Amino acid sequence: MLEIEDRTLKACDKSAKSVVIPENITAIDEKAFFECKALSSIKSESAAFIAQGGVLFDAKSKRLITTTSGKVVIPAVIKTVSKYSLSNCTAVEFERGGKIKTFPFLYSGTEFLCEDVRMALRDEVEKNKLKDKKNADVSACGADAILKDLVRKHFNWSKAIEVHSASDKTHRLCVLPKDKVRDFGLEIRLLDSRVSVWSKTLPAFLKKLGEGASFDELLKCAKENKLEVAGMNAFYYAVIDKKEIPIRSMNTASRPSTLSTVKFLDSVEEIGAAAFCGCKALSFVEIPSNVKKICASAFACCFDSLKGVRMNEGVEEIESSAFSHNHVLFASYIPKSIKKIGDCVFVGCRELSVVLFGGSVADWQKVEKGVFIFQGVPAEFIKCTDGVVKLSSCK
């Protein structure tokens, strides 16, 4: 006897030996077959569920619903198991190539489950996890080899280049010229799962880069090859299947001494720590509204070059020392959207005389502020839309 409510199978008679799932059933309760120890045959007339070899599972999600008593073999097609789905069987085997990688319960409080069945399920899960890890390692090694081969064939700046690669969810390749100073290097972040795609689209971009193409030419080439290049800050990012990526920090060796202007693309939401630190030719910076965060020391120590900074509405956080020690910085505009300003942001800006804020005095008071933000600057007030605020409290 089956208990059915609103096309959902709620329960089955625990003494039942044979069960047929009616065609109108679209859902089955987790405990519907709990403790049906006498169950020896199960069939399904419903398109939503498949019954085969003493196993009942969801046709769409491939989730195991229940089994008959005794020994059963779980098909490789099964992806997940319900908490009580194995409570009736006394022994279980798993077809080769199985996909089950998670437990439906904790080990504690599983008295309803046969110990042999529980151990078999645990072994199956661990085996599948290990198999996934090995496949990921092989994929990473394969991506690494392909990337290096592509660089060797298509990147013709110099034979002496550095190639650094590492894998997490993406694969990274950094190419920096050793023998000649350049205004930019290259960092590529690629999904390992898309090797077959970027191994075909990347060569054209590498060739163009090796020819010393201009920034606009590189952008055009990237677009034509379905790559996304973000930022002009001594690192180019070619990104596949990823819409947003922050500008990462640059080390001293790759920092561009001749970079005078910066153009940010719409995909950039964060400027990394020390990204432009020490860019002695940088004269003016405008932060677009798509950038939400300026990390620590991002534009610090430009010394006698950086004269103006404008942050458009949309910037929400400025981390510590972001614009510190810019000796000729005369003016800065801070947007109303700002929520947090870290310590020492404008320390050492000895010419900073004009500080404008896009919001009211009340809005400025709400901003979370660190210490010594304006220490050593000549400006005494910050001009808001409805008045001024003394900067002594921020010094």
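Residues numbered from 1 in each chain as written. Predicted model: local features only at pLDDT ≥ 70, side-chain atom pairs only at ≥ 80, totals over all residues. Heavy atoms only, no water.

(A) Representation of the nonpolar core in the model. Membership of the largest hydrophobic core comes to 40 residues, with the highest contact counts inside it found for Ile294, Phe299, Phe323, Ile334, Phe346, Trp364 and Phe374. Of all the elements in the fold, those that place two or more residues in this core are strand S18 (284–287), strand S20 (308–311), strand S24 (354–357) and strand S26 (381–384). The contacts of isoleucine 334, once residues within four sequence positions are left out, are Met311, Phe346, Val355, Leu356, Phe357, Gly358, Trp364, Phe374 and Ile382. Membership of the second largest hydrophobic core comes to 20 residues, among which are Leu64, Tyr84, Leu113 and Ala120. (Core = buried A, V, L, I, M, F, W, Y, C linked by side-chain atoms within 4.5 Å. Buried < 20%, exposed > 50% of the residue type's maximum accessible area, 1.4 Å probe, protein only. Helix = DSSP H or I, 4+ residues; strand = E, 2+ residues; numbered from the N terminus. Contact = heavy atoms within 4.5 Å.)

(B) Examining unusual backbone geometry more closely. Although it is not a glycine, serine 297 sits at a positive phi angle of roughly 60°. Along the chain, serine 297 falls in the loop between strand S19 (293–294) and S20. Here the phi dihedral of cysteine 301 falls at roughly 60°; this positive angle occurs in a residue that is not glycine. Assignment of secondary structure puts cysteine 301 in the loop between S19 and S20.

(C) Examining the confidence of the model for the protein more closely. Of all residues in the protein, 72% have pLDDT values of 70 or greater, and the mean over the chain is 77. Segment residues 157–169: pLDDT under 50, and 34 contacts once partners within four positions in sequence are set aside and those in other chains are kept. Throughout residues 174–185 the model reports pLDDT below 50, and contacts reaching past four residues in sequence, or to other chains, amount to 37 contacts. (pLDDT = per-residue confidence, 0-100.)

(D) Local environment of the packing of aromatic side chains. Summed over all chains, the structure comprises 6 aromatic pairs. Across the ring face of tyrosine 333, the terminal group of arginine 310 is positioned such that the distance to the ring centre comes to 4.4 Å. The positively charged end of lysine 369 is found above the aromatic ring belonging to tryptophan 364, 4.8 Å away from the centroid. (Phe/Tyr/Trp six-rings, centres within 6.5 Å; stacked < 30°, edge-to-face > 60°. Lys NZ or Arg CZ within 6 Å of the ring centre and 35° of its normal.)

(E) Molecular detail of the state of the cysteines. Summed over the entire model, instances satisfying the criterion amount to 0 disulfides. Lacking any disulfide linkage, cysteine 89 is separated from the closest cysteine sulfur, that of cysteine 114, by 7.5 Å. (Disulfide = S-S within 2.5 Å.)

(F) Seen up close, the side chain of serine 324. With respect to the helices and strands, serine 324 occurs in the loop between strand S21 (317–318) and strand S22 (331–334). Look past the residues within four positions of serine 324 in its chain and what remains in contact with it is Ala300, Cys301, Cys344, Val345, Phe346, Val347 and Cys349.

(G) Expanded view of the sheet that holds strand S2 (residues 8–12). Strand order across the open sheet formed by 3 strands is S1-S2-S4, with mixed pairing between neighbours. Both edges of this open sheet fall to strand S1 (2–5) and strand S4 (27–28), since each of them pairs with a single strand only. The sheet contact formed by S2 and S4 spans 2 bridges and is parallel. Paired with threonine 8 across the two strands is alanine 27, which belongs to S4. (Pairing = 2+ DSSP bridges.)

(H) Geometry of the pairing of strand S7 (residues 55–58). In S7, alternate side chains face the same way, and those of Val55 and Phe57 on one face and Leu56 and Asp58 on the other are all buried. Here 4 bridges tie strand S6 (residues 49–52) to S7, and the two strands are oriented antiparallel to one another. Across the sheet, the residue bridging to phenylalanine 49 is aspartate 58, located in S7. Here S6 hands over to S7 after 2 residues, with glycine 53 in that stretch at a positive phi of 60°. With 3 bridges joining them, S7 and strand S8 (residues 63–67) adopt antiparallel strand pairing. Paired with phenylalanine 57 across the bridge in S8 is leucine 64. Between the antiparallel neighbours S7 and S8 lie 4 residues, among them lysine 62 with a positive phi of about 60°.

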